[in-house]
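Each chain is listed here by its residues.
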Amino acid sequence: MDLEQREINAETITPYFEKYFGHKPAVIAAAPGRVNLIGEHTDYNNGFVLPMALENNCVVAVAPSPSGEHRWCGSLGDMIYCVPAAEASSKGEPFWSNYVRGVIAKLKEHGIDPGPVDMLIDSNVPRGGGLSSSAALEVAVCTALSKLAGAEVAPKEKAIIGQAVEHEFVNVPCGIMDQFISAHGRKNHALMLDCANLEYKLIPMEDPEVSVLVFDSAVKHSLADGAYGQRRRQCEEAAQIMGVPSLREATLEMIESKKNDLGDVRYRRARHVVGENIRVRNFAEAVGSGNWEEAGVAMRGSHASLRDDYEVSCAEVDTLVSLCDSIPSSSSIYGARMTGGGFGGCIVALVKSDAVEQVGHELLDAYRDALGIETTYLVTRAGDGARVLRHA
Ligand code: GLA
């Protein structure tokens, strides 16, 4: 994965669309990836999450296909896949097309049918790094196709559609966080979401003195490999043992009193989720009052809990988070933690803006010295959620 990214927008994608399909795109839409600031593995437990949209987007250009069948191109330089209209809403090849097929199927369930389309996808959301490149794809395709069909699909509905596509077409039993932030992101704001009822609050992240650093461990992560689903099941079992509908209703006292019934693993999984929900609220309050030190405390607590209780970190990511405490500029870092599903991917850190590049360079050097891994980082502000960039 490379976090140093090229610019993409309506102007950059249009000439490629014309070259591939010989006519102009009718709609161009974009949806961003995300970085989660805090609230990890809480979404599928009806808990709180606090992500922000990246400035990196998946951009999708579409137009009605004059050929009468779908023609899709998954990225610049890729071949064009022709898909008969009758097969476009079933699973198929190539693998990435299932994100498109799933969205078409779900839109149909809403009575929305854009008909056969020519579609070109381009993205500068890094793949496989826990930055939700797939949510960006689902939400961008949904935004482009619904606009082309002349239908209004609310952001919340786009998020639900995207999540259903993951469950039914890609076999990833994810929560709603990634698709929700991709659909609802707002420039210079993070978003605190209550996954129990999908109510949310925008959290201003406008302080020019604080920057968000996303640093890649260069360890590839994959959510489809079973560990994610296993965590979900352990949480559901823990809730059942404690007699609550979900871990959202559990308290730390309850977990302590049921420690024996839960057994060590479920006890620790539940302790992470309940503690993380508290940390999200503390973090939101700290950011709201500009208390970045306190926000950093919540992030550190989150990482330790994900590492020790939830066991979704990995050695490389733990090394990175520890290096944040030992590099020469460590006093410029408020807090750092793993971000996303885990087992690799990126860390996120809140850093004093005047030192953020210095911190990035020191981390690159320290990580190379420690593990021999060459990697990249990204300094980002919060970007906007899904939007139509252009339509005919
Ligand atoms: C992945 C999933 C999300 C969420 C995170 C962990 O990104 O897609 O729904 O569960 O992992 O917080």
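What comes next is a walk through the structure. Being a predicted model, the structure only gives us computed values, none of them experimental. (Residues numbered from 1 in each chain as written. Predicted model: local features only at pLDDT ≥ 70, side-chain atom pairs only at ≥ 80, totals over all residues. Heavy atoms only, no water.)

**Some points on the overall build of the chain**
Now for step 1: Helix and strand counts for the chain come out as 11 helices and 12 strands.
Now for step 2: Against the compact-globule benchmark of 21 Å for 392 residues, the chain has a radius of gyration of 21 Å, which places it among compact chains.
Now for step 3: Seen through its principal axes, the chain has C-alpha atoms that stretch 60 × 50 × 40 Å.
Now for step 4: The 392 residues of the chain split such that 59% are buried.
Now for step 5: Residue pairs in contact within the chain that sit at least 24 positions apart in sequence constitute 74% of those at least 6 positions apart.
Now for step 6: Split by element, the accessible area of the chain, about 15200 Å² in all, is 48% carbon and sulfur. (Helix = DSSP H or I, 4+ residues; strand = E, 2+ residues; numbered from the N terminus. Rg over C-alpha atoms; globule rule 2.2 N^0.38 Å. Buried < 20%, exposed > 50% of the residue type's maximum accessible area, 1.4 Å probe, protein only. Contact = heavy atoms within 4.5 Å. Areas by Shrake-Rupley, 256 points an atom, 1.4 Å probe, with all protein chains shown as cover.)

**Concerning the site of the ligand**
Now for step 1: Taken together, the neighbourhood of the ligand is formed by 12 residues, with E40, H41, D43, D178 and Y228 sitting nearest.
Now for step 2: The backbone of H41 places a nitrogen or oxygen atom 2.6 Å from an oxygen atom of the ligand.
Now for step 3: Within the side chain of D178, an N or O atom sits 2.6 Å from an oxygen atom of the ligand.
Now for step 4: When the ligand is considered free in solution it has 310 Å² of accessible area, and contact with the protein chains removes 97% of it.
Now for step 5: Cavity membership is defined here by more than half of the atoms lying within 2 Å of grid points; on that basis the ligand lies in the largest pocket.
Now for step 6: Across the shell around the ligand, the residue classes break down as five nonpolar, three polar and four charged. (Near = heavy atom within 4 Å. Polar contact = N/O pair within 3.5 Å; in protein donor to acceptor, adjacent residues only side chain to side chain. 1 Å grid on protein atoms, 1.4 Å probe; cavity = no way out; pocket = protein on both sides within 12 Å on 5 of 7 lines; lining within 4 Å. Sits in = over half its atoms within 2 Å of the grid points. Nonpolar A, V, L, I, M, F, W, Y, C, P; charged D, E, K, R; others polar.)

**Some remarks on the pairing of strand 8 (residues 210–216)**
Now for step 1: The element strand 8 is largely enclosed, with a buried count of seven among its seven residues.
Now for step 2: Residue alternation in strand 8 divides its side chains into two sets, V210, V212, V214 and D216 and S211, L213 and F215, and both sets are buried.
Now for step 3: Summarising the sheet, strand 8 and strand 11 (residues 377–380) pair through four bridges and their orientation is antiparallel. Paired with F215 across the bridge in strand 11 is Y377. (Pairing = 2+ DSSP bridges.)

**A closer look at helix 1 (residues 10–21)**
Now for step 1: Taking 1.5 Å of rise per residue, the 12 residues of helix 1 would be expected to cover 16 Å, and the 16 Å separating its terminal C-alpha atoms lies within 8% of that figure.
Now for step 2: Residues of helix 1 that are buried: A10, I13, T14, F17 and F21. The buried residues of helix 1 occupy one face: seen down the axis, they fall within an arc of 110°. Facing away from the buried surface of helix 1 by more than 90 degrees, the exposed residues are E11 and K19.
Now for step 3: Its side-chain oxygen at 2.9 Å from the backbone nitrogen of E11, N9 defines the N-terminal cap of helix 1.
Now for step 4: Just downstream of helix 1, G22 is the residue with a positive phi angle, here 75°. (Expected span 1.5 Å × (residues − 1). Arc of directions from axis to C-beta.)

**Focus: the environment of V35**
Now for step 1: Note that V35 resides in strand 1 (residues 27–38).
Now for step 2: For the pair V35 and L131, spaced 96 residues apart in the sequence, the C-alpha separation amounts to 5.7 Å.
Now for step 3: Those residues in contact with V35 that lie beyond four places of it in its chain are P51, M52, L54, L131, V212, V214, T339 and V348.

**Overview of the packing of helix 2 (residues 97–109) against helix 4 (residues 155–169)**
Now for step 1: Orientation of helix 2 relative to helix 4, taken along the N-to-C sense of each, is 120°, at an axis distance of 9 Å. In this view, helix 2 runs oblique relative to helix 4, as classed from their interaxial angle. Viewed along their axes, helix 2 and helix 4 form a crossing whose handedness is right-handed. Here N98, Y99, R101, G102, V103, A105, K106 and L107 of helix 2 come into contact with helix 4, specifically with I161, A164, V165, E166, E168 and F169.
Now for step 2: For the contact of helix 2 with helix 4, the class distribution of residues is eight nonpolar, two polar and four charged. (Axes fitted to C-alpha atoms, helices over the stretch in contact; angles between N-to-C directions. Parallel < 35°, antiparallel > 145°, perpendicular 65-115°, else oblique. Left-handed = near helix turned anticlockwise from the far one by under 90°.)

**Structural notes on the nonpolar core**
Now for step 1: With 124 residues, the main nonpolar core has L50, M119, F283 and L350 as its most contacted residues.
Now for step 2: Those residues in contact with L50, other than ones at most four positions away along the chain, are N36, L37, I38, A190, L191, M192, I203, V280, F283 and A284.
Now for step 3: Counting residues in each nonpolar core, the second largest holds 11 residues, with V49, I176, M177 and L191 among its members. (Core = buried A, V, L, I, M, F, W, Y, C linked by side-chain atoms within 4.5 Å.)

**Observations regarding the layout of surface pockets**
Now for step 1: Here the largest pocket defines a volume of roughly 870 Å³.
Now for step 2: For the largest pocket, the lining is made up of 46 residues, of which Y99, G128, S133, S134 and E166 are closest to its centre.
Now for step 3: Of all the secondary-structure elements, those providing two or more residues to the lining of the largest pocket are strand 2 (48–64), strand 5 (117–123), helix 3 (133–148) and helix 5 (177–184).
Now for step 4: At four residues, helix 3 tops the list of elements feeding residues into the lining of the largest pocket.
Now for step 5: Split by residue class, the lining of the largest pocket holds 19 nonpolar, 18 polar and nine charged. (Points joined across faces, edges and corners; volume = space filled by probe spheres on them.)

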